[in-house]
Amino acid sequence: MSDIKKRIRYNKFWNYLFLIIGLLSTLVGLLLLCVLMIDLALDGASRLNYQFLTSYPSRFPEEAGILSAWVGSFLVLLVTALAAIPLGVAAGIYLEEYGRKNWLTDIIEINTANLAGVPSIVYGLLALGLFVNFFKFGESILTGGLTLALLILPMVIMATRESIRAIPNSIREASYALGATKWQTVQWHIIPYSTGGILTGVIIGISRAIGETAPIITIGALTFIAFLPAPPLTPEFPFLSFQWLMDPFTVMPIQMFNWVSRPQQAFQQNAAAAGIVLMLMTLIMNGLAIYIRYRFRKKIKW
Amino acid sequence: MTETSKAETKNLSFFYGNFQALKNINLSILEKKVTALIGPSGCGKTTFLRCFNRMHDLYPHNRYEGEIILLPENTNIISPDIDPIEVRMHISMVFQKPNPFPKSIYENVAYGLRVRGINKKSALDEKVEKSLREAALWDEVRNRLYGQAFDLSGGQQQRLCIARALATDPEMILFDEPTSALDPIATSKIEELIIELKSKVTILIVTHNMQQAARISDKTGFFYLGELIEYSTTDKLFTAPAVKQTEEYITGRFG
């Protein structure tokens, strides 16, 4: 009897030991993130104000701001999303619903998985050759957006495929059995039911793209921009202008990098403040992804 | 009532790759009757059923041989010249597990009509109500047509799937073990419904449950290892089977 109790105590000891190890391991990540946030906040909070968000960069640290950087980031990511979502979703749907399983789709599948792991600077080199030098898009928002679109395309394709695969085959059969074509099935079932998963993948892709510096520097984005791109709306006919696509730009991480590399202490504070804004943007996007996933999961059960 | 054929299979064979799942099946399905297919698991009865709406065409390496003649049109619906979509426009199907779309009850029933390009609200409303009434579901859902189909019980979901299959005025409905996922009460409702439906439409049903075949069908076919062992009126098959294997199966000695 007492032997058994001893045994149980011994077994429980190991159980508790892992509990503690696991908890500590979890806390390491969390604590580091907290320390990082607090450190950034201590350095940069004093610079976080309206003026900081609405000013161009400047030689004088107290006058400098991130207006051109966040507008640049926003526009680049807009182009990224507009390019990556249709391409990635169409490719994912094709591979899952249309493409017959053969050696060709196998090769495509392996390649997509590999592309997701290619270092981002390699995409920068590709984009420099393709968009800047070949298509002559210049060092523009268009080039930046398309470059990041290439970068997140594998993620969008994989997210699309995963969420399409989660749709039970019985739903497809129900649709086909009523005489639907493949496209009718895709349009009325596959796309609506996988939207949650696709959007989640897209947002996570974009929140990765927002922090990318290397490929943007490779294509030659400027580090000091004291003007905004051309406005998309104009007073004259046709009221819409796409000139902004061709304008030079900077993005948040480049602006940060620029400030960090300066000797003055005050610029370090600017960099920290920009870091806070960048992190908030990422957090908001990740929160949005979680919310969307939750909403769609609640709506659809199989 | 005169007995006319709705469909006839002539030397129907079916292959999953190199595996022959059906061997020279010859069988005639009577119009506006219930034809039941029984047999142990893996005997080919579901494979046979799914030939009638060309479901096998959705997957690679499947091959038909022989003919399924749909009457009175006299067309061979498994001929490669016939578009499987056209076949499915005439012959609808109810599956083993209720599989409503994660949409509203209304949209589930209206779906087949929308596939056919019918989008007028009044036409859809009328057809949805008629189909739900025919599927004996109208009274239970009339006040929540726009509610989620998934909030219905399993038996209601299966009746919704029957309404969905009825909405397109099919000539024939295929039932693939429609009650195997349901409790006895829901099962008896579906059985009553099938008996009622045969005044309107030809029914082919696969069932695991021999009592069910005996209760609802006019003709029964016994499948074993891809072959049609015996096919006759349900009364005769269950009371005086002509083949020894049939007798052994219905008396529970194998299967």
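**Details of the sheet that holds strand β4 (residues 62-70) of chain B**
All names here are of chain B. Strand order in the open sheet made by the four strands is β2-β1-β4-β5, with antiparallel pairing throughout. Looking at the sheet topology across the chains shown, the edges are occupied by β2 (19-30) and β5 (75-76). Sheet topology note: the β4/β5 ladder contains two bridges and is antiparallel. Across the sheet, the residue bridging to Ile 69 is Asn 76, located in β5.

**Things to note about the environment of Met 252 of chain A**
Residues and elements named next belong to chain A. When you line up the elements, Met 252 lands in helix α10 (residues 252-260). Residue Met 252 is classed as buried on the basis of its C-beta count, with 22 C-beta atoms lying within 10 Å. Placed 180 residues apart in sequence, Met 252 and Gly 72 show a C-alpha to C-alpha distance of 7.7 Å. Once residues lying within four places of it in the same chain are set aside, the contact partners of Met 252 are Ile 66, Ala 69, Trp 70, Ser 73, Ile 210, Ala 274, Val 277 and Leu 278.

**A closer look at the interface of chain B and chain A**
Contacts between the two partners involve 19 residues from chain B and, on the opposite side, 16 residues from chain A. Of all the elements in the fold, those that place two or more residues in the side of chain B that touches chain A are α2 (84-90), β6 (91-94) and α3 (105-115) of chain B.

**Quick notes on unusual backbone geometry**
All names here are of chain B. Along the chain, Leu 71 connects to Pro 72 via a cis peptide bond; the corresponding omega equals 0°. Along the chain, the position of Pro 72 falls in the loop between β4 and β5. A positive phi is found at Asn 11, a non-glycine position, where the angle reads about 50°. Relative to the elements of secondary structure, Asn 11 occurs in strand β1 (residues 5-16). Note on Asn 11: 11 C-beta atoms within 10 Å, which makes it exposed.

**Topic: the domain arrangement of chain A**
Residue and element names in this part refer to chain A. With domains assigned, chain A is organised as domain 1 (2-46) and domain 2 (50-299). Here domain 1 and domain 2 have C-alpha centroids that lie 35 Å from each other. On the domain 2 side, the residues contacting the five residues of domain 1 number six residues.

Each value, and the rule that gives it
- Residues numbered from 1 in each chain as written.
- Chains lettered and ligands numbered in written order.
- Predicted model: local features only at pLDDT ≥ 70, side-chain atom pairs only at ≥ 80, totals over all residues.
- Pairing = 2+ DSSP bridges.
- Helix = DSSP H or I, 4+ residues; strand = E, 2+ residues; numbered from the N terminus.
- Buried ≥ 20, exposed ≤ 12 C-beta atoms within 10 Å, placed from the backbone.
- Contact = placed C-beta atoms within 7 Å.
- Domains from an automatic or database assignment.

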